[in-house]
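# Chain and residue survey
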Amino acid sequence: MTGTLGMAARLARRELRGGLKGFRVFLACLTLGVAAIATVNSVAQGVLTGLEEDGRAILGGDVALRKIYQPAEPDQVDYLESVGAVSRSAEMRAMARGPDADATALVELKAVDGAYPLYGSVELGTTLDGIAPGDLDAALAERDGVWGAAVDPLVLDRLGLAVGDRMGLGEGTFAIRATVEYEPDRAGSGGFTLGPRVMIAEAALEATGLVRPGSMIYYHYRLALDPGMTVEQFRAALGERFPQAGWRVTDFTDASPQLAETIQRLALFLTLVGLTALLVGGVGVGNAVKAYLDGRIATIATFKCLGAPSRLVFATYLLQILALAGLGTVVGLIVGALAPYAVSAAVADLLPIRARIGLYPGALALAAGFGLLTALTFSLWPLARARAIPAAGLFRQLVAPSGGLPPAPYLAGLAVAAAALAGLAIVTAVDRVFAVWFVLGAIATLLTFRAAAWLAMDVSRRVGRPRRPGLRLALANLYRPGAPTPTVVLSLGLGLTVLIAVALIEGNMSRQVQDEIPEAAPAFFFVDIQPDQIGPFTEAVEGIEGTGTLEEVPSLRGRIVAANGEPAAEALQDPEYSWLLEGDRGVTYRATPRAADRVIAGDWWAQDYAGPPLLSIYRDIGTAFGIGVGDTLTINVLGRDVTAEIANMRVIDWSSLSINFTLVFSPQPLASAPHTFIATIDAEPSAEPVIQRMIAQDFPNVTAVRVRDALDAVNSILSKIGTAVRSTAAITILAGTLVLAGAIAAGHRRRVYDSVVLKVLGATRGDILRAFGIEYGLLGVLTAIIATIVGTATAWAVLTFVMNIDWVFMPGAVAVTALLCTAITLAFGFVGTWRALGQKAAPLLRNE
C-alpha cells in the first residue's frame, strides 16, 4: 500500500507540472466559498470576543442589577455598597425640545452618578472650551444654576442646535456641553432604542420633573466587586438576602446576551448562505474533475494497458485533487483572514461595541473543513467512475459514454464524506435544529434540480424533430451526450434559489413593518401620562384639529413568576416561549372588554366584579405553560406577587398597532397601585407637528412616540441586516456564474466541432447563433422556473414557521431574479458560441 501511494504521489506530481489548466474554476469556486465562510465567522468571532473581553465595560461592572419603576430600597443599596463600588444610573425615554419648543425629539435619557463608569470610559466629541474630551463630570455639572448635558450628535441635528445651546427636558433646561462619541455600556443596557442618547447627572434628574409615580424608569446598579468575592458568591448571597427584590441580575460573563444571540444567529445564517455558495462551487468542482479526467482518458487507458492497478489510478488523481483543493482552500483562508479588516471598517458604526478583528484559528479551521470536505465529496464520484472503467471502455468513452454507479466501497466513501460535511454544518451551528433543516433542504434542492434537468432532457428527447432546424438543433443539444443541461440547471439554479428566497423574505419583512400599516393605525403612542393628567391631556389632544379617536389604558409592568404555584422557569413547557421569562411584561386592567378583544376560551368578568383577581391572558402564554381557563398565574407587580385565576384567553392582532396587552387583570387590586397611562391617537399628517409642540409645552413629562419614526427605526435595522444577507447571497450567484463559465469552457471543444460541421453543411453564423441562443434561452427559463418554485417555497416556510409572518408572494422580486438568470445563461452561452464560431474549419477537419 505504501508503494502504491509513493508511486501515485510521483505520478500526481508529474501531472501537476503541466499547470492548472482546467482547474481554474475548481480553484475559484473553492476559494470563493472558503473565503465567504472564513470572513463571516471571523467577523462574528471578533464581535463576540469584543463582548467577552470588554464584558465589564459593556456591562458597566462585574455585576449589574436593574429595577423598573422604583429604585432599590435603602437597605438594598447599603448591602450593595458593602460588597463593592457601586455606580447608579436611571434610564427612560423622554422628549427633548429646542428653546422655542417648535423642534422636539424622542431621546433615550440616561442620568448617571459621579462614579460612572466603573469600567471603560465615555468618549466625548465636540466639547465646550475648558472641558477635556474624557471629562464627563465637567460636562454634566451644574454651572450658574444650569445643569449640563452630553448628547448624541443626532440630537443636535434633530433639534437644530449646537454645543453650547440649551434644550428642554421635561420641566428642566439643560446646557449642551458635549457630544457623546462612545458609551461603553450602551450594548449592555439592552432593549430596543427609538432615539439618540442624552446623558445628564443623576442629581439633575429631579429637575426634569419626569420622576413620577408609575413612570417607566429603569434603575441600574452596577458593581465592581471587592477582591475575594466572585460573581457566583455575590449572586448566591444576594438571592438569599433579598429573595423577593424583583431585580434583574446580569454579570460580565454574559454582558449583552441579546446582542450576542443576534450576532450568533446572523453569523449562522450567513455561514449557511456561504455554505450554499460552496455547494454551488462543489458542482463546479465535480465538473472540473470530470472534465479533467475526460482530457486524461488516453493517459488513464495507457496506464491500465501497461498493468497499472485501478487503485493506483484512483490514488494518483485523488492526490492531485486534494493538492489542488488544499491550494484553493489556502487562498480562500488568506482572503478570509484579510477581508474582516475591510468588513469591520464598514460595519463599525453599526455595532454598539468595538470588535476584536484578528486571526481566529477556529473560524479559519471551520472554513477549511468545509472547503476540503466539499472538494472531496464532489470529486469522489467522477474519480470512482474513472477508476472502475476498463481500458477499452476508456478508449470508447468519447463516442459511447458509460453509465452506471461506481463500486460500492466508493459509494460508501462518498456517503461518509457527504455525512461529514452535513455533520460539520450541524455540529458547529448555534441553532442545530435550523442547521438540520438547512441540510435537509440543501439535499432536497440538489435532488430537485437534478430531477428537473433529467426531466428537461427526457422531454426534449421525446418532443421529436421540429421542422425548424434551429429549434431541432437546440432541443438535441439539451440531451446529447455531454450536454451542459444538468450543470447549468444545478449550478445557477442553487444561487438563484437563495437570491429569490432572500428577496421574498426581506420584502415580506419590510411589508410587515412598513407597507401593511393599517389605515386606522395610530399616529402617536403617548407614555407616562399621570392619572391626574389624563383628563386635561385628553381634552387638549382631542381639541387639536385633525385628530381622531383617543384611546387611553392604565399601564404597569409585571414579571411572570409562577403558573399553578410552580416556579415559572420550571412550569414552562415549550422552550420556544422562553422569552416570556426574560424581563417584565406589559400589564393593564379593565372592567369591560374592548371591541378588538377576541376571546377564544372562557368569559369576561362582570363590569362590577370586585372579587379575587381574575386574569385574561394571550393565547401563547397558555401554550407556553400548558395552562388555561381555571388555572392560576402569579405576576410580580411593583415587587408584590399577585396570583389570579385565568378567566379567559384571547388572540391578539399585533399588526393593528393598537394598544394590546398579553396580561389583562380585573380592576382590583391594580387600580389602587401606582401606575401611569399610555394612549394612542389617530391624526392627520398636518396635525402631527401641532401635537408634538403641545405635548412638549403643556405635558413635558409625557413621551410621544411617532409611529412612523418607530417603524423607520425598525426598517433601518432590517435594511442593514438585509444588506449583509444580500451581499453574502450574491456570492452564490458568483459561484454559479463561475460554474456556468466552467461548463461552457469544458464543452468548448465540442461546441467548436459542432459549429465547424454546421458551417461546412451550409449553416450561416446567424443560424448557429439562433440555435445556440434557443438552447441557452430554454436552459435559462427552465432554471428560473425551478429556482422560483424552490426559492418561493423556502421563503414561505421560513416566514410562516420560523418568523410567524404572514406570507405574500411578490412577483416583482421574482421576475427580476428570473430575468437575471436567463440573461446570465444567454450571455455565457453567446460568448462560448461566438468563440467557437471564430474557429477555422480546415485545421479541425484535417486533425479529425
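The following paragraphs examine the structure supplied in this document. Here the structure is a predicted model, which is why all the values come from computation and not from measurement.

### Thoughts on the overall build of the protein chain
- Looking only at helices and strands, the protein chain features 26 helices and 22 strands.
- Buried residues in the protein chain amount to 52% of all 848 residues.
- Looking at the protein chain as shown, the accessible area adds up to about 37,500 Å², and 59% of this sits on carbon and sulfur atoms.

### What about the side chain of asparagine 701?
- Note that asparagine 701 resides in the loop between helix H21 (688-698) and strand E22 (703-706).
- A polar contact is formed between the side chain of asparagine 701 and the backbone oxygen of aspartate 528, at a distance of 3.2 Å.
- Reaching out from asparagine 701, the side chain makes a polar contact with the side chain of glutamine 533 at a distance of 2.8 Å.
- Those residues within four positions of asparagine 701 in sequence are excluded, and the remaining contacts are Gly209, Leu210, Arg212, Val527, Asp528, Gln530 and Gln533.

### Section: a nonpolar patch on the surface
- There is a patch of nonpolar side chains on the surface, built from Val330, Ile334, Leu338 and Tyr341 and spanning about 400 Å² of accessible area.
- When you line up the elements, isoleucine 334 lands in helix H11 (residues 310-347).

### Quick look at a negative patch on the surface
- A cluster of acidic residues, Glu73, Asp75, Asp78 and Glu81, forms a negative patch on the protein surface.
- Assignment of secondary structure puts aspartate 78 in helix H4 (residues 74-83).

### A word on helix H14 (residues 408-427)
- Here H14 spans 28 Å end to end across 20 residues, near enough to the 28 Å set by a 1.5 Å rise per residue.
- When H14 is considered as a whole, its buried residues turn out to be Tyr410, Leu414, Ala417, Leu421, Ala422 and Ala425. For H14, the angular spread of the buried residues around the axis is 130°, confining them to a single face. Projecting away from the buried face of H14 at angles above 90 degrees are the exposed residues Ala408, Pro409, Val416 and Val427.

### What to know about the packing of aromatic side chains
- Taken as a whole and assessed by the stated rule, the structure comprises 5 aromatic pairs.
- Residues phenylalanine 526 and phenylalanine 537 carry aromatic rings whose centres are separated by 5.0 Å and whose planes lie at 75° to one another, so their mutual orientation is edge-to-face. Here phenylalanine 537 lies in helix H18 (residues 534-542) and phenylalanine 526 lies in strand E12 (residues 524-529), a separation of 11 residues in the sequence.
- Taking the relative accessible area as the measure of exposure, phenylalanine 526 reaches 0% and is therefore buried.
- Phenylalanine 537 sits in the buried class, given a relative accessible area of 0%.
- By the ring-pair criterion, three or more aromatic residues cluster together here, those being Phe524, Phe526, Phe537 and Phe699.

### Quick word on H4
- When H4 is considered as a whole, its buried residues turn out to be Gln76, Val77, Tyr79, Leu80 and Val83. In a view along the axis of H4, the buried residues occupy a sector of 160°, so they form one face of it. The exposed set on the far side of H4, more than 90 degrees from its buried face, consists of Pro74 and Asp78.
- Residues of H4 that are buried sit in contact with strand E1 (63-68), strand E2 (84-97), strand E10 (218-225) and helix H8 (231-241).

### Description of the environment of glycine 628
- Within the secondary structure, glycine 628 is located in the loop between helix H20 (619-625) and strand E18 (632-637).
- Sequence spacing of glycine 628 and alanine 647 is 19 residues, and the spatial spacing of their C-alpha atoms is 8.5 Å.
- Those residues in contact with glycine 628 that sit more than four places away from it in its chain are Ile646 and Met649.

### Some points on the nonpolar core
- With 69 residues, the main nonpolar core has Phe26, Val289, Leu293, Tyr317, Leu333, Leu383 and Phe449 as its most contacted residues.
- By residue number, the principal contributor to this core is helix H12 (residues 361-388), which donates 11 residues.
- Core analysis: the next-biggest nonpolar cluster, separate from the first, contains 57 residues, Val63, Val77, Ala90 and Ala204 among them.

### Let's talk about the environment of arginine 594
- Mapped onto the secondary structure, arginine 594 falls in the loop between strand E15 (585-589) and strand E16 (598-602).
- Apart from residues lying up to four places away in sequence, arginine 594 is in contact with Glu551, Ser658, Ile659 and Asn660.
- A distance of 2.9 Å separates polar atoms of two side chains, one belonging to arginine 594 and the other to asparagine 660.

### Examining the environment of proline 117
- Relative to the helices and strands, proline 117 is located in the loop between strand E3 (104-112) and strand E4 (123-127).
- If we ignore the near neighbours within four places in the chain, the residues touching proline 117 are Val122 and Pro184.

### Notes on the side chain of arginine 177
- Of note, arginine 177 is situated in strand E8 (residues 172-182).
- Put simply, arginine 177 is tucked away with no salt bridge, and the nearest opposite charge, on aspartate 144, sits 7.0 Å away.
- A polar atom in the side chain of arginine 177 sits 3.3 Å from the backbone oxygen of alanine 139.
- One polar contact links the side chain of arginine 177 to the main-chain carbonyl oxygen of valine 146, over a distance of 3.1 Å.

### What about the packing of H4 against H8?
- Close contact between H4 and H8 brings their axes to 12 Å; oriented N to C, the two are set at 160°. As the angle between them shows, H4 and H8 are arranged roughly antiparallel. Where H4 crosses over H8, the two elements pack in a sense that is right-handed. For the pair H4 and H8, contact is made by Tyr79, Leu80 and Val83 and by Phe234, Ala237, Leu238 and Arg241, respectively.
- Considering only residue class, the contact of H4 with H8 consists of 6 nonpolar, no polar and 1 charged.

### Here we look at the pattern of salt bridges
- Applying the stated criterion across every chain yields a total of 11 salt bridges.
- Lysine 110 serves as the salt-bridge partner of glutamate 91, at 4.0 Å between the closest nitrogen and oxygen. Here the residue glutamate 91 occupies a position in strand E2, and lysine 110 occupies one in strand E3, the gap between them amounting to 19 residues.
- Overall, the relative accessible area of 0% leaves lysine 110 in the buried class.
- Measuring nitrogen to oxygen at the nearest pair gives 2.9 Å for the salt bridge that ties aspartate 597 to arginine 590.

Rules and cut-offs
Residues numbered from 1 in each chain as written. Predicted model: local features only at pLDDT ≥ 70, side-chain atom pairs only at ≥ 80, totals over all residues. Heavy atoms only, no water. Helix = DSSP H or I, 4+ residues; strand = E, 2+ residues; numbered from the N terminus. Buried < 20%, exposed > 50% of the residue type's maximum accessible area, 1.4 Å probe, protein only. Areas by Shrake-Rupley, 256 points an atom, 1.4 Å probe, with all protein chains shown as cover. Polar contact = N/O pair within 3.5 Å; in protein donor to acceptor, adjacent residues only side chain to side chain. Contact = heavy atoms within 4.5 Å. Patch = residues over 30% accessible without salt bridge, like charges linked within 9 Å, V, L, I, M, F, W, Y side chains within 5 Å. Salt bridge = Lys/Arg side-chain N within 4 Å of Asp/Glu carboxyl O. Lys, Arg positive; Asp, Glu negative; His and termini not counted. Charge placed at Lys NZ, Arg CZ, Asp CG, Glu CD. Expected span 1.5 Å × (residues − 1). Arc of directions from axis to C-beta. Phe/Tyr/Trp six-rings, centres within 6.5 Å; stacked < 30°, edge-to-face > 60°. Core = buried A, V, L, I, M, F, W, Y, C linked by side-chain atoms within 4.5 Å. Axes fitted to C-alpha atoms, helices over the stretch in contact; angles between N-to-C directions. Parallel < 35°, antiparallel > 145°, perpendicular 65-115°, else oblique. Left-handed = near helix turned anticlockwise from the far one by under 90°. Nonpolar A, V, L, I, M, F, W, Y, C, P; charged D, E, K, R; others polar.

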